[in-house]
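In case you want the letters, here they are:
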Amino acid sequence: FGPLRFHIALNVVDSALHWTVRSGSLWGLPLPTMLLASGDSREYESDGRFHFDVDIGHPLVGRIVSYRGWLAPADTLLAAR
């Protein structure tokens with residue numbers, strides 16, 4: 001993200017892939033943990049669809065972004081019509 005860099009841990013919990021920010025830097029200088037964005041971002045499969053649920057916030061500015069949704073293979077969507 002421009003001059004910002006983040007190290008993200010990936011963990012599988014209850015068959016979902018969770019993304020967690022572990023560390024970050026600005027122009028190569030480490031950021032204190034209290035200045036890192038946090039939240040719960042996960043991806044998982046259900047009913048043949050790829051689902052995503054993202055919620056990211058920052059202690060100083062509050063919620064940055066929050067969205068959720070799903071994707072299905074194009075052939076699955078065409079067959080349903």
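Residues numbered from 1 in each chain as written. Predicted model: local features only at pLDDT ≥ 70, side-chain atom pairs only at ≥ 80, totals over all residues. Heavy atoms only, no water.

Colleague: Help me understand the pattern of salt bridges in this model?
Modeller: Opposite charge on two side chains permits pairing when their charged atoms draw close. Across all of its chains, the model carries three salt bridges by this definition. Across the salt bridge formed by aspartate 55 and arginine 63, the nearest N and O atoms sit 3.0 Å from each other. Look at aspartate 55 and you get partly exposed, because its relative accessible area is 27%. Linked through salt bridges whose partners overlap, the residues forming this network are Arg42, Asp53 and Arg68. (Salt bridge = Lys/Arg side-chain N within 4 Å of Asp/Glu carboxyl O. Buried < 20%, exposed > 50% of the residue type's maximum accessible area, 1.4 Å probe, protein only.)

Colleague: How do you make sense of the environment of leucine 31 when you look at a structure like this?
Modeller: On the secondary structure map, leucine 31 appears in the loop between strand E3 (29-30) and strand E4 (38-46). A sequence separation of 27 residues divides leucine 31 from leucine 4, and the C-alpha atoms of the two residues are 9.5 Å apart. In contact with leucine 31, other than residues within four places in its own chain, are Leu4, Gly24, Ser25, Leu26 and Leu36. (Helix = DSSP H or I, 4+ residues; strand = E, 2+ residues; numbered from the N terminus. Contact = heavy atoms within 4.5 Å.)

Colleague: Would you take a moment to explain the layout of surface pockets for this structure?
Modeller: One way to see where empty space is left: roll a probe the size of a water molecule over the atoms. Roughly 560 Å³ of volume is contained in the largest pocket. The wall of the largest pocket is formed by 24 residues, among which Phe1, Ile8, Val21, Ala37 and Ile56 lie closest to the centre. When residues of the lining of the largest pocket are traced back to their parent elements, those giving at least two are strand E1 (4-13), strand E2 (16-26), E4, strand E5 (49-58) and strand E6 (62-71). (1 Å grid on protein atoms, 1.4 Å probe; cavity = no way out; pocket = protein on both sides within 12 Å on 5 of 7 lines; lining within 4 Å. Points joined across faces, edges and corners; volume = space filled by probe spheres on them.)

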